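Tertiary structure, described
This is what each chain is made of:
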Amino acid sequence: MNAIQKTKMSNFRWVICALLFLATTVNYMDRQVLSLTWKDFIAVDFHWTDAHYGYITAIFSVFYAIANLFAGKFIDWMGTKKGYLIAIFVWSTGAVLHAACGWATMQIEGYESIEALRLVQAGSDAAVAIATISVWLFLSCRMVLALGEAGNFPAAIKVTAEYFPKKDRAFATSIFNSGASVGALAAPATIPLLARAWGWEMAFIIIGVLGYVWMGLWMWLYEKPHKSSHVNQAELNYIEQDNDIAEVQNKQEAREEKTIPFFKCFTYKQTWSFIVGKLLTDGVWWFFLFWAPAYFSDQYGYTSDSTMGILLILTLYAIVTILSIGGGYLPTYFVEKRGMNPYLGRMRAMLIFACFPVLGLLAQPLGAYSAWWPAILIGLLGAGHQAWSANLFSTIGDMFPKSTIGTITGIGSMAGGLGSFAINLSSGEFFTWAAGKGEAFSFMGFDGKPAAYMIVFSFCAVAYLIGWFIMKTLVPKYKPIVVE
């Protein structure tokens with residue numbers, strides 16, 4: 001025992017965390033290729049309107065939400081190694097298939113080239129047919145993409161629970177979850193350039209192929225901690241420090257613990273606590289991801305391809321990326337320095353992070369002085385969200401057995417997807433209505449569309465505090481679920 005204690009601990013768990021970070025980055029980049037190419041490249045070829053793109057994104061959101069409901073159960077059933085491989089293979093294949101939509105439209109409609117599609121008279125029956133066929137083809141690829149991407153977070157959260165003790169899970173989750181911010185940063189800096197240099201088809205192919213590269217790394221490096229040749233006994237003891245005496249005496253029995261039946265998961269308040277947390281807050285992140293470029297264009301005239309527009313978006317996501325990683329460490333401080341149990345420390349940290357979005361109330365008023373104020377404040381709001389999200393995911397590991405983590409993650413992610421669909425669809429309709437009303441519609445000194453932005457920002461500002469109080473009411477104290 002003394003020899004084990006003196007052995008220097010390996011740190012392979014952080015290599016695994018880096019792989020989760022890369023997968024999440026690729027996940028977000030694959031999702032963003034269409035949004036960054038449709039307006040300037042794809043719409044020109046296929047005669048798309050805003051309505052066509054809106055339809056595709058709306059159906060994607062709904063299908064992604066539904067897929068999340070079953071993705072977690074699939075990961076629990078297949079296991080993390082095979083489940084993650086299948087998930088990223090499916091979404092990478094879906095991403096690459098987008099590149100074939102132009103060719104397929106040509107074959108179906110009987111045209112010899114993309115140029116011929118582009119030259120069809122706008123508004124004609126032929127143009128309508130091209131738009132309709134291409135929309136359905138792209139939508140089919142988006143559904144394949146959504147089916148695979150739904151497996152990312154259930155698999156990543158389950159791997160985190162396998163490789164990290166409870167006190168470190170929020171920090172590890174915040175690191176891999178920052179891949180969302182890095183993906184959001186990398187996408188606008190690379191994808192339009194790829195599309196302009198080699199065509200929008202190659203943008204889908206190049207970003208999609210990154211997933212296949214990740215698969216090779218995963219097959220090479222991943223095994224469960226007790227089977228991995230890269231994890232020594234000192235690190236394994238650290239990873240399994242949460243096991244009680246009985247589990248230590250019979251580790252194999254602990255690893256083969258029973259799973260909770262799918263529908264029984266909904267009988268626990270802990271499940272509904274996670275659902276509420278995701279439902280109320282995931283949409284806030286997706287709202288700013290989808291609408292921030294349009295906001296700076298509408299309110300300040302900085303288009304997404306202008307130097308100032310790019311700088312504002314990069315600044316926003318740089319703040320999110322840098323601050324959100326550090327946010328995951330706060331629960332570790334509460335546990336190690338203040339002696340709190342992991343759940344109590346996590347909820348204390350989440351209350352602090354829930355206050356960050358309140359700064360969003362100042363974005364519109366201070367925007368009257370400079371566009372940099374909204375960029376900075378929305379960046380702080382986004383950082384609060386990512387830190388909140390990392391801890392929210394980690395509450396699953398606090399409460400549920402490892403065998404059910406993927407299932408609960410999938411259920412909550414479905415709720416988050418529905419929340420995202422609702423806020424983005426309703427915001428689009430609201431902004432259009434408010435713009436038409438003009439000065440006839442006012443709110444807190446703003447008229448028309450700016451007033452609509454102020455209202456949506458106000459909801460985003462308080463959503464986290466509402467979510468936290470509901471979660472605390474449902475699960476006031478640390479109460480893990482034991483499957484008998």
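Predicted, not measured: the structure shown is a model, and the values here were computed from it. (Residues numbered from 1 in each chain as written. Predicted model: local features only at pLDDT ≥ 70, side-chain atom pairs only at ≥ 80, totals over all residues. Heavy atoms only, no water.)

**Some words on empty space enclosed by the protein**
Which entries qualify depends on this criterion: The way it works is a 1 Å grid over only the protein atoms, where trapped points that fit a 1.4 Å probe form a cavity and open points with protein on both sides within 12 Å along at least five of seven lines form a pocket, and then any residue with an atom within 4 Å of a point lines it. Grid points are joined across faces, edges and corners, and a volume is the space filled by probe spheres set on the points. The way it works is that DSSP assigns letters per residue, a run of H or I at least four long becomes a helix, a run of E at least two long becomes a strand, and they are numbered from the N terminus.
With the rule as written, the count across this model stands at five cavities of 30 Å³ or more. Of the voids in this model, the largest cavity is the one considered here, and its volume is about 260 Å³. What lines the largest cavity is a set of 21 residues, among which Tyr 28, Arg 31, Tyr 64, Asp 282 and Trp 286 lie closest to the centre. Elements that contribute at least two residues to the lining of the largest cavity include exactly helix 2 (12-46), helix 3 (50-78), helix 15 (269-300), helix 20 (372-399) and helix 21 (405-437). Looking at the lining of the largest cavity, the element that brings in the most residues is helix 15, giving five residues. Within this model, the second largest cavity holds a volume of roughly 90 Å³. Lining the second largest cavity are Arg 31, Gln 32, Leu 34, Ser 35, Tyr 53, Thr 57, Phe 60, Ser 61, Arg 142 and Phe 290. Where the lining of the second largest cavity is concerned, the elements lending two or more residues are helix 2 and helix 3.

**What about the packing of aromatic side chains?**
The cut-off we apply is this: Two aromatic rings from Phe, Tyr or Trp, using only the six-membered ring of Trp, form a pair when their centres are within 6.5 Å; if the ring planes differ by under 30 degrees the pair is stacked, by over 60 it is edge-to-face, and anything between is tilted. Burial status follows relative accessibility: with a 1.4 Å probe on protein chains alone, a residue under 20% of its type maximum counts as buried, one over 50% as exposed, and anything between as partly exposed. Working rule: Lys NZ or Arg CZ, within 6 Å of ring centre, within 35 degrees of ring normal, means a charge sits over the ring.
Tallying each qualifying case throughout the model produces 43 aromatic pairs. Ring plane angle 55° and centroid distance 6.2 Å describe the contact between Tyr 163 and Tyr 222, whose orientation is recorded as tilted. Of this pair, Tyr 163 sits in helix 8 (residues 152-163) while Tyr 222 sits in the loop between helix 11 (200-221) and helix 12 (233-239), and the two are 59 residues apart along the sequence. Grouping residues by exposure puts Tyr 163 and Tyr 222 together as buried. The ring of Tyr 64 is capped by Arg 31, whose NZ or CZ atom sits 4.6 Å from the centre of that ring. Stacked on the ring of Phe 60, the Lys or Arg Arg 142 has its end atom at 5.0 Å from the ring centre.

**A closer look at unusual backbone geometry**
Its identity is not glycine, yet His 47 carries a phi of approximately 60°, on the positive side. Accessibility expressed as a relative area gives 17% for His 47, which makes it buried. Phi angles above zero are rare outside glycine, and Met 444 is one such case at about 50°. The residue Met 444 is located in the loop between strand 1 (442-443) and strand 2 (446-447) in this model. Here Met 444 falls in the exposed class, since its relative accessible area comes to 59%.

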